[in-house]
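Structure assessment
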Amino acid sequence: MQALDLPIEWLPREGVAEQLILLLHGWGEDANAMAPLAQALRALFPQAALLAPTAPLRWDRAGRAGNHLRQWHSIEGLSDANLAERTDAALHDLIPWVRAQQQRLGVSEAATALAGFSQGATMALAMVARHDGIAGRVLAFSSRFATLPAAAPASTTLHLLHGADDAIFPAQQAREAFEHLRALGGDATLDIATGVGHALHPALIECALHRLKSHIPLRTWQAALGAAPTARS
């Protein structure tokens, strides 16, 4: 398992962590780019542990002034044909790191959330698609699946958050992913903010907080009702 720098490690001021929220930054950024989201989440969940690691790879386009900027995988020569392969390779070290943090802080998978922006969100979506239940929730900002899953995660709620004017990952991709998950009976929400581009925008952060406060996971309803999984209307 590769060690990751951890610029943000905010633990509860008192007592043990009741939730674990892992924040994965985008391409050409570092962990500090996730600070606005971390601050908002800390205010809502004071007993949560919030960790934001910096990706291990130096940014493809880093110059002398950008040596601190990182990426989870290179985008040089990237295409739809090799995106899933590159994402899987990057997950090879990230997944053990996630499990190590859960063990270190004594937080269960169900009480873990993954929050990612852009490339970091693609990593989070791929992680739960391959390891259903490694986290109870995913907040995927301004991103896309590396490849649409053949089966929806049964133990993870996916919150897709997107800007209507995103020029990197068009909002239509988020709509298509949401409809795909619905057709598979998955537990997903979609929020698209008008006038917002490819950014971890305050409007999207507010949407994420609302979802975390108000959305009851589908699996919770099914357990209460004794129902088999069905597609949501």
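Everything that follows concerns the structure shown earlier in this document.
What counts and how
Residues numbered from 1 in each chain as written. Predicted model: local features only at pLDDT ≥ 70, side-chain atom pairs only at ≥ 80, totals over all residues. Heavy atoms only, no water. Helix = DSSP H or I, 4+ residues; strand = E, 2+ residues; numbered from the N terminus. Rg over C-alpha atoms; globule rule 2.2 N^0.38 Å. Buried < 20%, exposed > 50% of the residue type's maximum accessible area, 1.4 Å probe, protein only. Contact = heavy atoms within 4.5 Å. Areas by Shrake-Rupley, 256 points an atom, 1.4 Å probe, with all protein chains shown as cover. Lys, Arg positive; Asp, Glu negative; His and termini not counted. Charge placed at Lys NZ, Arg CZ, Asp CG, Glu CD. Salt bridge = Lys/Arg side-chain N within 4 Å of Asp/Glu carboxyl O. 1 Å grid on protein atoms, 1.4 Å probe; cavity = no way out; pocket = protein on both sides within 12 Å on 5 of 7 lines; lining within 4 Å. Points joined across faces, edges and corners; volume = space filled by probe spheres on them. Nonpolar A, V, L, I, M, F, W, Y, C, P; charged D, E, K, R; others polar. Axes fitted to C-alpha atoms, helices over the stretch in contact; angles between N-to-C directions. Parallel < 35°, antiparallel > 145°, perpendicular 65-115°, else oblique. Left-handed = near helix turned anticlockwise from the far one by under 90°. Arc of directions from axis to C-beta. Phe/Tyr/Trp six-rings, centres within 6.5 Å; stacked < 30°, edge-to-face > 60°.

Some points on the overall build of the protein
Within the protein, the secondary structure is distributed over six helices and nine strands. A globule of 233 residues ought to have a C-alpha radius of gyration of about 17 Å, and the protein, at 17 Å, matches this closely. In terms of overall dimensions, the protein has C-alpha extents of about 60 × 45 × 35 Å along its principal axes. Residues classed as buried in the protein amount to 49% of the 233 residues present. Restricting the contact set of the protein to residue pairs at least 6 apart, pairs at least 24 apart contribute 68%. Total accessible area computed for the protein in this model is approximately 10600 Å², and 53% of it derives from carbon and sulfur atoms. Placing the 18 positive and 21 negative side-chain charges of the protein at their respective mean positions leaves the two points 2 Å apart.

Let's talk about the pattern of salt bridges
Counted by the stated rule, this structure contains six salt bridges. A salt bridge links Asp80 to Arg144, with the nearest nitrogen and oxygen atoms 2.9 Å apart. Here the residue Asp80 occupies a position in helix α2 (residues 80-105), and Arg144 occupies one in the loop between β7 (137-141) and β8 (157-163), the gap between them amounting to 64 residues. A residue is classified by how much of its surface remains accessible, and Asp80, at 58% relative accessible area, is exposed.

Focus on empty space enclosed by the protein
Under the defined criterion, the tally for this structure stands at one cavity of 30 Å³ or more. Taken as a whole, the largest cavity holds about 70 Å³ of empty space. Every residue lining the largest cavity is listed: Leu125, Ala140, Ser143, Arg144, Phe145, Leu160, Leu161, His162, Gln173, Ala174 and Ala177. Those elements giving two or more residues to the lining of the largest cavity turn out to be β8 and α4 (171-183). Residues that form the lining of the largest cavity fall into these classes: seven nonpolar, three polar and one charged.

Observations regarding the packing of helix α1 (residues 35-44) against helix α5 (residues 202-214)
Between two packed helices, the angle of one axis relative to the other and the distance separating the axes together describe the packing. Two numbers describe how α1 lies on α5: the axes approach to 11 Å, and their chain directions differ by 30 degrees. In terms of orientation, α1 lies roughly parallel with respect to α5. The two elements α1 and α5 cross, and the hand of that crossing is right-handed. Contact residues: Pro36, Leu37, Ala40, Leu41 and Leu44 in α1; Ile205, Leu209, Leu212 and Lys213 in α5. Across the contact of α1 with α5, the residue classes tally to eight nonpolar, no polar and one charged.

Overview of α1
Those residues of α1 that sit buried are Ala35, Leu37, Ala38 and Leu41. When α1 is viewed along its axis, its buried side chains cluster within an angular range of 155 degrees and face the same direction.

Some words on the layout of surface pockets
In this structure, the largest pocket spans a volume of roughly 330 Å³. When grouped by side-chain class, the residues that make up the lining of the largest pocket number seven nonpolar, seven polar and three charged. The computed volume of the second largest pocket comes to approximately 170 Å³. Along its surface, the second largest pocket is lined by Gln19, Ile21, Phe45, Ala110, Ala111, Thr112, Ala113, Gly136, Arg137 and Leu212. Where the lining of the second largest pocket is concerned, the elements lending two or more residues are β2 (19-24) and β6 (112-117).

Things to note about the packing of aromatic side chains
According to the stated counting rule, one finds one aromatic pair in the structure shown. Ring centres of Trp27 and Trp59 lie 5.4 Å apart, and the angle between their planes is 80 degrees; on these two criteria the pair is classed as edge-to-face. Placement of the pair is Trp27 in the loop between β2 and α1 and Trp59 in the loop between β4 (57-58) and β5 (70-71), with a sequence separation of 32 residues. A relative accessible area of 23% means that Trp27 is categorised as partly exposed. Given a relative accessible area of 18%, Trp59 falls into the buried group.

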